[in-house]
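Survey of secondary and tertiary structure
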Amino acid sequence: MKDIRTLSLDQLTEYFISLGEKPFRAKQVYDWLWSKNLHSIEEMTNLSKELRERISLEYFINPITVDELQRSTDGTIKNGVKLHDGLLVESVLIPTLTRTTACVSSQVGCSLNCEFCATARLKRMRNLEVAEIVDQVALIDRQSRLYFDRPLTNIVFMGMGEPMMNYKNVVESIKKITEPQGLGMSPRRITVSTSGIPKMIRMLADEDLRVKLAFSLHSAIEAKRNEIMPFSSKFPLTEIMDSLQYWYSKTGNTVTFEYCVWKGINDTDEDIKALIRFCKQIPSKVNLIEYNPIGDGKYDKRNIEAEQNYVRQLERAGITVMIRRSRGGDIDAACGQLANKSSE
């Protein structure tokens, strides 16, 4: 037996034909699985009881479950999500006055070793399956409707893991989230965040998914970035920029550079000038992200004065820049803090 959600629509059609059923049964089941996000074959009420029993002899559904839900004083909700094999990931609902955003995970743990990120300290156990990613989005959409009386508006692949290291499943999950026979959400409301893997950025550009791209930069000085994000020594900034320019040429979408400013690390005029030179190579904007301490000391020192200096100089250079304030820090739900930490 296996999870029925691993079957494509064509495979479902072949399956039902093999049972002597009409091909339209496949579309009915596909709708239950991906549009309605149903987690029980027994509840597929437009199928006969006999057919549901027959399907259940060969297939099952492995849904995610909420192991722990925490609510921040600012309204942010963090879900500790348990997978079918007992492993845990975290996903976050971030509300504002005008929208709600789902921050979803793509891996159990992470494949990379960014010094400032709590998730990077977890061993990467495995990639998330397509259905496990889609389930996070459907879950947060339900929570958005329940707690904030509006549907989910935005999705960011900025949770646990590096999306480009689970490329196939992330791409397929985006298709399930956006297609009319799936969740039917707008691809332009989806942002894939990457720490920079040139080959995968090019591949994503060729997919024509119409999603947005964010690149976790933190320093445009090669040696300094390699200290902050050691894995990046495999991917020089020149190669990354080439792939970002390819992305823009294929999609026409502006790239967002994600950037934290730490005291004594990347807070000098030299750092700012390097960032400006980097930005000038491609239509882009900069999100200065308020850092969320993870208790190691070295990266706990946010330099507010330097952050404002970044804003002044970037704007003077004609580069769009925004300061992104931290949300959910009191429940370890903010950027860089996701590490399966219990509230107890």
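Not measured: the values here are computed from a predicted model. Sequence order as written defines residue numbering, which begins from 1 separately in each chain. Reporting of local features is limited, given that this is a predicted model, to residues whose pLDDT is at least 70; pairs of side-chain atoms are given and counted only at 80 or more, and all residues count toward the totals for whole chains, interfaces and linings. As a rule here, side-chain values come from all non-hydrogen atoms in the structure, and water together with hydrogens is ignored.

What to know about the packing of helix H6 (residues 198-206) against helix H8 (residues 237-251)
- Each axis is a line fitted through C-alpha atoms, and for a helix only the stretch in contact is used; angles between axes span 0 to 180 degrees, taken between their N-to-C directions. Secondary structure follows DSSP: runs of H or I at least 4 residues long count as helices, runs of E at least 2 residues long count as strands, and numbering of each begins at the N terminus. At their nearest, the axes of H6 and H8 sit 9 Å apart, and the two run at 0° to each other. It follows from the interaxial angle that H6 and H8 lie roughly parallel. Of the residues in H8, those in contact with Pro198, Ile201, Arg202, Leu204, Ala205 and Asp206 of H6 are Glu239, Ile240, Asp242, Ser243, Leu244, Tyr246, Trp247, Lys250 and Thr251. Any angle that is under 35 degrees is reported as roughly parallel, and any over 145 degrees as roughly antiparallel; angles of 65 to 115 degrees are reported as roughly perpendicular and all others as oblique. Contact between two residues is taken to exist if any of their heavy atoms lie within 4.5 Å; hydrogens are not considered.

Things to note about the pattern of salt bridges
- Salt bridges are identified by distance alone: a Lys or Arg side-chain nitrogen within 4 Å of an Asp or Glu carboxyl oxygen. With the rule as written, the count across this model stands at 14 salt bridges.
- The closest approach of N and O atoms between Lys36 and Asp31, which form a salt bridge, is 2.2 Å.
- Owing to a relative accessible area of 26%, Asp31 belongs among the partly exposed residues under this scheme.
- Here Arg54 ties to Glu58 by a salt bridge, and the two come within 3.8 Å at their closest N and O atoms. Taken together, the residues span about one helical turn, with Arg54 and Glu58 both in helix H3 (residues 49-58) at a distance of four residues.
- Exposure remark for Arg54: the relative accessible area of 39% places this residue in the partly exposed category.
- Members of the salt-bridge network, linked through shared partners, are Asp3, Arg5 and Asp135. Only protein chains enter the accessibility calculation, which uses a 1.4 Å probe. A residue is then buried if its area is under 20% of the maximum for its type, exposed if over 50%, and partly exposed in between.

Notes on the sheet that holds strand E9 (residues 154-157)
- Here 10 strands make up an open sheet; going across it, the order is E3-E4-E5-E6-E9-E10-E11-E12-E13-E14 and the pairing mixed. Of all the strands in the sheet, just strand E3 (65-71) and strand E14 (320-324) have a single pairing partner and so form its edges. Going across the sheet, the axis of each strand differs from the next one's by a mean of 20°, ignoring polarity.
- Here four bridges tie strand E5 (residues 88-95) to strand E6 (residues 100-103), and the two strands are oriented antiparallel to one another. Bridge pairing in E6 places Leu93 opposite Ala102.
- Sitting on the sheet, helix H4 (residues 130-148) touches E3, strand E4 (77-82), E5, E6 and E9, and the angle it makes with E5 is about 40°. Between any two strands, at least two bridges found by DSSP are needed for them to pair.

A closer look at the packing of aromatic side chains
- Two aromatic rings, drawn from Phe, Tyr or Trp (for Trp, its six-membered ring), form a pair once their centres lie within 6.5 Å of each other, and the interplanar angle then sorts them: stacked below 30 degrees, edge-to-face above 60, tilted otherwise. Applying the stated criterion to the full structure yields 13 aromatic pairs.
- Note on Trp262 and Tyr291: the rings are 5.5 Å apart at their centroids and 75° apart in plane angle, and the pair reads as edge-to-face. Note that Trp262 is positioned in the loop between strand E12 (255-259) and helix H9 (269-279) and Tyr291 in the loop between strand E13 (284-289) and helix H10 (304-316), a separation of 29 residues in sequence. A single burial state applies to Trp262 and to Tyr291, both of which are buried.
- An aromatic cluster of three or more residues is present, and its members are Phe116, Trp262, Tyr291 and Tyr299.
- Positioned above the aromatic ring of Trp32, the side-chain terminus of Lys36 is 5.0 Å from the ring centre. Both a distance and an angle decide whether a charge sits over a ring: NZ of Lys or CZ of Arg must be within 6 Å of the ring centre and within 35 degrees of the ring normal.

Some remarks on the nonpolar core
- Residues Leu244, Phe257 and Val286 are the most contacted members of the largest nonpolar core, which totals 87 residues.
- Element by element, the count of residues in this core is highest for H4, at seven residues.
- In this description, a nonpolar core means a group of buried Ala, Val, Leu, Ile, Met, Phe, Trp, Tyr and Cys residues linked to one another through side-chain atoms lying within 4.5 Å. Among the nonpolar cores identified, the runner-up in size contains 15 residues, and Cys117, Ala120, Cys260 and Trp262 belong to it.

Regarding the side chain of Asp267
- Following the sequence through the fold, Asp267 ends up in the loop between E12 and H9.
- Charged residues are defined narrowly, with Lys and Arg counted positive, Asp and Glu counted negative, and His plus the chain ends left uncounted. For the buried Asp267, which has no salt bridge, the nearest side chain bearing the opposite charge is Lys224, at an N-O separation of 6.4 Å.
- Setting aside anything within four residues of it in sequence, one finds Asp267 in contact with Val261, Trp262, Asn303, Ala306 and Tyr310.

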